Amino acid sequence: MADLKSEAIEVFHDVDGKKNSSSSIEEQTPKVVRVEENQESGSGILERYINPAAIVNFGFTLQAAWEASGSSFQFSLLNGGPASLVYGSILAGVGSTAIATSLAEMASLDPVVGAQYRWSAAFAPFNPKFWGLFQGWITIFAWITVTAASPAYLSNIVTGLVIFNYPEYEPQRWHGTLIMWGFVVIPVFWNFYFRKMLNTLEMIGGICHVLFFVVSIITLVVLAERSPASFVFNNLWDEFSGWTNPGVAFSIGLITVTFPITSFDGVLHMSDEVKGARTQVPHSMIIAVTSNSVMQFAYMVAVMFCIGDVEKVTTTPTLLPIIEVYYQATKSKHATNLLVVMIAFILFISLFNIFASVSRLTWAFSRDKGLPFHKTFAYVHPTLKIPINALLLVGVICCLLALINIGSSTAFNALISLPTIALYISYFIPILFLVIRKLQNRHPTYGPFKLGRWGLPINLFSLVFIVYILIFLPFPTMLPVTAVNMNYAGPLVAVVILIAIGDWFVSGKQRFEVPIARAAKGDQ
C-alpha cells in the first residue's frame, strides 16, 4: 500500500462535490478518508508483494483463451461455423485489445482493486456515488459468474472424457453440478495459501500455457487430415441452429471466442498487491489480451484445418467436439486423453487466479460499504493476509449458480453469456464517462501509461464493439426457443441491475462510500 499511503482518498456525498441548496454544509463538503483509516476500521489492507513476472503470468494464464475456446467451440459449429471461429477470433481480439488498452490507461492513473466502480464514480458526469455503487454491483456479479463459468468448462471436459472412455456411461445434469462443486471447493481452500504459492503457480501456469499450445498445434498439423483452405476461410454456417440470417448466426457464434479473452481486468483486482502497479498492471493487461488473442486465433485456424470428419465432430456423443478432433488426428485414446487433460490443467490453474481476483474485488467493494454485511466481507485475515470471508462468499455463490445446470440443457451457454454481458457493461460505463470528459477537454491527470491522441479513437471503437457484442450475447443459440434451451443470461443481468438500483434507494445512498483518487478526479 506504499503508493497510496501518501495519497488522500476522497469520498463524495454529492455531485462532483458541488453545493446543493437542499443539503447541509457538512454534506456539501467532500469527506477525506486516508488508507490508514480503513485499516483502523477493521477492513484491513493487503501487502504489495507480487513481482512483475508473476503479475504478467497471472493475467496471461487467467484468460486461458485457446483452452477455453477449444473446449467450447460447439456453439460456433451451430452458429457461424468456421467463419465465427476464424474471423471471429480476429474481431474479438481487436475489440478486446482496444477495451483492455482503454482500461489500462485508467489503471495507470488509478491502479486500485475496485477499478471499474471507482473509475465510474471518478468520471461520472453526475451523481458519482450512484454510478460507483451501480457499477460495483455489476462488476461483482460479472466476476462471480466468471468464476462459475470456469468449473462449467472443467465439468464439461470431465463428463466428455468419461463418455469417451466409458461409452456405457449415461450422464445426468446433476452429475455436472457435483463436478462443478468439486472444482469450486479445491481452489477456494487452496487460495488460503495463495500468497505463499503465487510465484511458483504463475510460473508453472505460464510455461504450460505456451508449451501445451505448441504441443497441441504440432500434433494436429502433423497427424490430422487436412481440410481445404476454402472450408476454413470461406465457410459460414447458418442452417443448423434455426438462425438463418448469416449475420445473426455469425454474431451469436462469437461467444466462443469472445468470452475467453474478456476478464483482462482480473489483473486490476490484484493491484493493491502489485509492486509498481501504475506501470506493471497496464502492461500485464495488454500483454495478456494480445498474446491470448493471437494464440486463440492460431489454435482455431489449426482446429478448422484439422477438424477431420465434420459430421462425427458435430454429433460426437461426448458433447465435446475437441475430443473427436484429437481422436481422429491421433487414432489413440491415450493421446486424446492426454491432450484434453492438458487443456483442463490450464483451465484449472486459471481458476485459482480467478478466485484470487474476485475475492479481492469483493473485499474492496465491501470495504467501501457497497455490499450488505460489508464489515464481514471486508475482513482480511491477519496472518494469511487474504480476504477470507469474501473468498468464501464467492465460493458459496458459485456452488449455487452450478444448480442452473440441473434445470437447463443450455446452462453452460448461460454461464458463459452471463459474465460476458456483465463484464462488457462494466467496461462500457467508465470508458463512456472518460470519453465524455475527453470530449469536454477535461482530461484527468494521466499516469505513466497514456494513449495521447490515439486515446479517443481507441475509446470510441471500444464502445462500438461493446454495444455490438451486447446486442447478440443474450440471443438463444437455437430456435425455436423453449423453456429448456432459453438463454437466461439477459434476464438474469436485468435482475442484477434492478437489485443494484433497488439497493441504492433502500440504503445504498446512505451506506456507500466510494474513494476517488485525486489523480483520477483532477483536471489537466
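Residues numbered from 1 in each chain as written. Predicted model: local features only at pLDDT ≥ 70, side-chain atom pairs only at ≥ 80, totals over all residues. Heavy atoms only, no water.

(A) Layout of helix H17 (residues 321-330). The element H17 is largely enclosed, with a buried count of nine among its ten residues. Here H17 has its buried residues at Pro-321, Ile-322, Ile-323, Glu-324, Val-325, Tyr-326, Gln-328, Ala-329 and Thr-330. Lys-331 sits one or two residues past H17 and shows a positive phi near 60 degrees. (Buried < 20%, exposed > 50% of the residue type's maximum accessible area, 1.4 Å probe, protein only. Helix = DSSP H or I, 4+ residues; strand = E, 2+ residues; numbered from the N terminus.)

(B) Quick peek at the side chain of Thr-159. Here Thr-159 is to be found in helix H9 (residues 128-165). On the basis of relative accessibility, which here comes to 15%, the residue Thr-159 falls in the buried class. There is a polar contact of 2.9 Å between the side chain of Thr-159 and the backbone oxygen of Ser-155. (Polar contact = N/O pair within 3.5 Å; in protein donor to acceptor, adjacent residues only side chain to side chain.)

(C) Geometry of the environment of Tyr-117. Structurally, the position occupied by Tyr-117 is in helix H8 (residues 116-123). Tyr-117 sits 16 residues away from Leu-133 along the chain, and the two C-alpha atoms are 6.9 Å apart. Not counting residues within four places of it along the chain, the set of residues in contact with Tyr-117 comprises Gly-132, Gln-135, Gly-136, Leu-361, Ala-364, Phe-365, Asp-368, Phe-512 and Val-514. (Contact = heavy atoms within 4.5 Å.)

(D) Quick look at the packing of H17 against helix H18 (residues 333-367). Running from N to C, H17 and H18 cross one another at 140 degrees; their axes reach a closest spacing of 9 Å. Here H17 is positioned oblique relative to H18, judged by the angle of their axes. Here H17 and H18 pass one another in a crossing that is right-handed. For the pair H17 and H18, the contacting residues are Ile-322, Ile-323, Tyr-326, Tyr-327 and Thr-330 in the first and Lys-333, Ala-335, Thr-336, Leu-339, Val-340 and Ile-343 in the second. A class-by-class count of the residues in the contact of H17 with H18 yields eight nonpolar, two polar and one charged. (Axes fitted to C-alpha atoms, helices over the stretch in contact; angles between N-to-C directions. Parallel < 35°, antiparallel > 145°, perpendicular 65-115°, else oblique. Left-handed = near helix turned anticlockwise from the far one by under 90°. Nonpolar A, V, L, I, M, F, W, Y, C, P; charged D, E, K, R; others polar.)

(E) Representation of unusual backbone geometry in the model. Look at the link from Leu-479 to Pro-480: it is a cis peptide, with omega at -5 degrees. The residue Pro-480 is located in the loop between helix H23 (455-472) and helix H24 (489-511) in this model. Although it is not a glycine, Ala-115 sits at a positive phi angle of roughly 45 degrees. Mapped onto the elements, Ala-115 comes out in the loop between helix H7 (82-109) and H8. Assessed through its relative accessible area of 0%, Ala-115 is described here as buried. Of note, Lys-331 is a non-glycine position whose phi angle comes to about 60 degrees, a positive value.

(F) Expanded view of empty space enclosed by the protein. Using the criterion set out here, one finds two cavities of 30 Å³ or more in the structure. By volume, the largest cavity is sized at about 110 Å³. Lining the largest cavity are 13 residues; nearest its centre among them are Leu-62, Gln-63, Ser-150, Phe-259 and Ile-354. At the level of secondary structure, the elements contributing two or more residues to the lining of the largest cavity comprise helix H4 (52-63), H9 and H18. Of the residues contributing to the lining of the largest cavity, the split by class is nine nonpolar, four polar and no charged. There is about 80 Å³ of room inside the second largest cavity. (1 Å grid on protein atoms, 1.4 Å probe; cavity = no way out; pocket = protein on both sides within 12 Å on 5 of 7 lines; lining within 4 Å. Points joined across faces, edges and corners; volume = space filled by probe spheres on them.)

(G) Region of the structure containing H23. For H23, with 18 residues, the first-to-last C-alpha span of 27 Å sits near the 26 Å given by 1.5 Å per residue. When we look at burial in H23, the residues that qualify are Gly-455, Asn-459, Ser-462, Leu-463, Phe-465, Ile-466, Ile-469 and Phe-472. (Expected span 1.5 Å × (residues − 1).)

(H) View of the state of the cysteines. Taken as a whole and judged by the stated rule, the model has zero disulfides. Left unpaired, Cys-399 is separated from the closest cysteine sulfur, that of Cys-398, by 7.1 Å. (Disulfide = S-S within 2.5 Å.)

(I) Inspection of the nonpolar core at higher detail. Counting residues in hydrophobic clusters, the biggest one holds 154 residues, and the most contacted among them are Ile-99, Leu-103, Trp-119, Tyr-299, Met-304, Ile-322 and Tyr-326. Considering each element in turn, this core owes the most residues, 20 residues, to H9. Apart from the residues lying within four places of it in its own chain, the contact partners of Ile-322 are Gly-70, Phe-73, Tyr-299, Val-303 and Ile-343. (Core = buried A, V, L, I, M, F, W, Y, C linked by side-chain atoms within 4.5 Å.)

(J) Geometry of the packing of aromatic side chains. Summed over all chains, the structure comprises 26 aromatic pairs. Centroid distance Phe-126 to Trp-131: 6.0 Å. Interplanar angle 75 degrees. Geometry classified as edge-to-face. Judged by relative accessible area, which is 45%, Phe-126 ranks as partly exposed. For Trp-131, a relative accessible area of 17% puts it in the buried group. A connected cluster of aromatic rings, assembled from ring pairs, spans Phe-126, Phe-130, Trp-131, Phe-134, Phe-433 and Trp-504. The residue whose ring lies beneath Lys-333 is Phe-164, and the NZ or CZ to ring-centre distance is 5.2 Å. (Phe/Tyr/Trp six-rings, centres within 6.5 Å; stacked < 30°, edge-to-face > 60°. Lys NZ or Arg CZ within 6 Å of the ring centre and 35° of its normal.)

(K) Region of the structure containing the pattern of salt bridges. Scanning the model with the defined rule gives five salt bridges in all. Between Asp-110 and Arg-118 there is a salt bridge, and its shortest N-O distance comes to 2.8 Å. Each of the two residues, Asp-110 as well as Arg-118, counts as buried. For Arg-367, the salt bridge identified is with Asp-368, shortest N-O distance 3.8 Å. For the pair formed by Arg-367 and Asp-368, the shared burial category is buried. (Salt bridge = Lys/Arg side-chain N within 4 Å of Asp/Glu carboxyl O.)

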